[in-house]
Amino acid sequence: QVQLVESGGGLVQAGGSLTLSCAGSGRTLSSYAMGWFRQAPGKEREFVAAIRWSGGTDYGDSVKGRFTIARDNTKNTVYLQMNSLKPEDTAVYYCNADSQYITIVTMGKADYWGQGTQVTVSS
């Protein structure tokens, strides 16, 4: 069983930056695809970014050029560097992990999910 714990959320002004972390335990995640999703109040869950076990990445259109996903397999951790934050980035951010990259990117599903971390961007 895999446990994922997000951290790094908080309150930031528009134009600022935050880095989210997602630490995995229970199993090594080096062979897993990992991703980030977000959900704002009253809205559907939205794909943010995903990274293959080999390091290839994909991003949602709304965050391309501003967010960067990265992983450190030695620490069993995936990161989301968020720059040029906007009020519309306000949401609960969730990380996930799945053995199949396509499951995360195209289906928005995953075997394992974290509990989420709140990001609030003030104008």
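Anything mentioned here points back to the structure above.
Residues numbered from 1 in each chain as written. Predicted model: local features only at pLDDT ≥ 70, side-chain atom pairs only at ≥ 80, totals over all residues. Heavy atoms only, no water.

1. As for the state of the cysteines
Overall, the coordinates contain one disulfide when judged by the stated rule. Disulfide pairing places C22 opposite C95 at an S-S distance of 1.9 Å. As the torsion about the S-S bond is roughly 45°, the C22-C95 disulfide counts as right-handed. Here C95 lies in strand β9 (residues 91-98) and C22 lies in strand β3 (residues 18-25), a separation of 73 residues in the sequence. The class for C22 is buried, based on a relative accessible area of 0%. For C95, a relative accessible area of 0% corresponds to the buried category. (Disulfide = S-S within 2.5 Å. Helix = DSSP H or I, 4+ residues; strand = E, 2+ residues; numbered from the N terminus. Buried < 20%, exposed > 50% of the residue type's maximum accessible area, 1.4 Å probe, protein only.)

2. Some details on the pattern of salt bridges
Per the stated rule, a full pass over the model turns up four salt bridges. Between R38 and E46 there is a salt bridge, with the nearest N and O atoms lying 2.8 Å from each other. On the basis of relative accessible area, R38 is assigned to the buried category, the value being 5%. For R66, the salt bridge goes to D89, with nearest N and O atoms at 2.8 Å. Within this pair, whereas R66 is found in the loop between β6 (57-59) and β7 (67-72), its partner D89 is found in the loop between β8 (77-82) and β9, the two being separated by 23 residues in sequence. Across the pair, exposure class does not vary: R66 and D89 are buried alike. (Salt bridge = Lys/Arg side-chain N within 4 Å of Asp/Glu carboxyl O.)

3. Some words on the sheet that holds strand β1 (residues 3-7)
Here we have four strands laid out as an open sheet, ordered β1-β3-β8-β7, and antiparallel in their pairing. A strand with exactly one partner marks an edge of an open sheet, and here the two such strands are β1 and β7. Strand after strand, the sheet turns through a mean of 15° between neighbouring axes, direction not considered. Taken together, the five bridges between β1 and β3 define a ladder with antiparallel strand orientation. Residue pairing for β3: E6 is matched across the bridge by C22. (Pairing = 2+ DSSP bridges. Axes fitted to C-alpha atoms, helices over the stretch in contact; angles between N-to-C directions.)

By themselves, these are just geometric observations and shouldn't be taken as functional.
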